[in-house]
Amino acid sequence: MTIMLKNNMQPKVADRTANFLASIITGSSAASAAFYGELPVDYAIVIALMSIIATIIGLWIRELVLVKTQGRYSFLVLLLFIVIVIIFISSASLNVYKTIEKLQTGQPILQF
């Protein structure tokens, strides 16, 4: 978005363009992985569609929050922080559970 603003694009147009590009880029990453054989094609299609839909929903929620808070980004930063903390805690607890399960069954914990 910074490049668009440096080229004298209006801020609202630059924001909308960046939002559109975000939805396309998230879906194309799954398509790229399928093309190179890293993901099964049917799985990549589902991931691409879910990415595009989730990005559109996320951008819609962001716009809704900004309208409700009169353009204050502090609430969005707080909301993002809470989501990151929840993801971190759930990921860490899942990894601890898997490690304990491996220890109990005698499987190696670290594999290279």
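As shown above, the structure is provided for reference.
Sequence positions are assigned chain by chain, starting from 1 and proceeding in written order. It should be noted that, the model being predicted, local features are given only for residues of pLDDT at least 70 and side-chain atom pairs only at 80 or more, the latter also being counted only at that level, while totals for whole chains, interfaces and linings use all residues. Side-chain numbers here rest on the full set of heavy atoms in the structure, without hydrogens or water.

A few words on the overall build of the chain. For the chain, the helix and strand inventory stands at four helices and zero strands. Moving toward the C terminus, one meets the helices and strands of the chain in the order α-α-α-α. Its C-alpha atoms give the chain a radius of gyration of 20 Å, more than 25% over the compact-globule value 13 Å for 112 residues. In terms of overall dimensions, the chain has C-alpha extents of about 60 × 35 × 25 Å along its principal axes. The contact definition used throughout considers only heavy atoms, calling two residues in contact when any of these lie within 4.5 Å. Here the analysis covers contacts within the chain between residues at least 6 apart in sequence; of these, 33% occur between residues at least 24 apart. Secondary structure elements follow DSSP: runs of H or I of four or more residues count as helices, runs of E of two or more count as strands, with numbering from the N terminus. Radius of gyration here is computed from C-alpha atoms only, and the compact-globule reference equals 2.2 Å multiplied by the residue count raised to the power 0.38.

Okay, helix α3 (residues 41-68) next. With 28 residues, α3 extends 40 Å between its outermost C-alpha atoms, agreeing within 8% with the 40 Å of an ideal straight helix rising 1.5 Å per residue. For every residue, the accessible area obtained with a 1.4 Å probe (protein chains only) is divided by the maximum for its type, and the residue is called buried under 20%, exposed over 50%, and partly exposed between those limits. Those residues of α3 not exposed but buried are Ala44, Ala48, Thr55, Val65 and Leu66. In this structure, the buried residues of α3 make contact with α2 (11-35) and α4 (74-105). A positive phi of about 55 degrees marks glutamine 70, the residue just after α3. One less than the residue count of a helix, multiplied by 1.5 Å, gives the span that helix is expected to have.

What follows covers the environment of isoleucine 24. Counting through the fold element by element, isoleucine 24 comes out in helix α2. Isoleucine 24 gets classed as partly exposed once you look at its relative accessible area, which sits at 42%. Taking C-alpha positions, isoleucine 24 is 10.0 Å from isoleucine 56, a pair spaced 32 residues apart along the chain.

Planes of paired rings set the category: under 30 degrees apart is stacked, over 60 is edge-to-face and the rest tilted, where pairs are Phe, Tyr or Trp rings (Trp by its six-membered ring) whose centres lie within 6.5 Å. The full count for this structure, using the stated rule, is one aromatic pair. Measuring from ring centre to ring centre gives 5.2 Å for phenylalanine 35 and tyrosine 36, while their planes differ by 85 degrees; the resulting arrangement is edge-to-face. A relative accessible area of 61% means that tyrosine 36 is categorised as exposed.

Here we come to the layout of surface pockets. Points on a 1 Å grid over protein atoms alone make up a cavity when a 1.4 Å probe fits among them but cannot get out, and a pocket when they form an open set with protein on both sides within 12 Å along at least five of seven lines; lining residues each have an atom within 4 Å of a point. Grid points are joined across faces, edges and corners, and a volume is the space filled by probe spheres set on the points. The space that makes up the largest pocket amounts to roughly 170 Å³. Every residue lining the largest pocket is counted, 10 residues in all, and those nearest its centre are Asp15, Arg16, Glu63, Leu66 and Tyr73. Secondary-structure elements contributing two or more residues to the lining of the largest pocket are α2 and α3. In terms of residues, the lining of the largest pocket owes the most to one element, α2, which gives four residues. Charged means Asp, Glu, Lys or Arg here, nonpolar means Ala, Val, Leu, Ile, Met, Phe, Trp, Tyr, Cys or Pro, and polar covers whatever is left, Gly included. Taken together, the residues of the lining of the largest pocket sort by class into five nonpolar, one polar and four charged.

Scope: geometric values only; no functional claims are made or implied.
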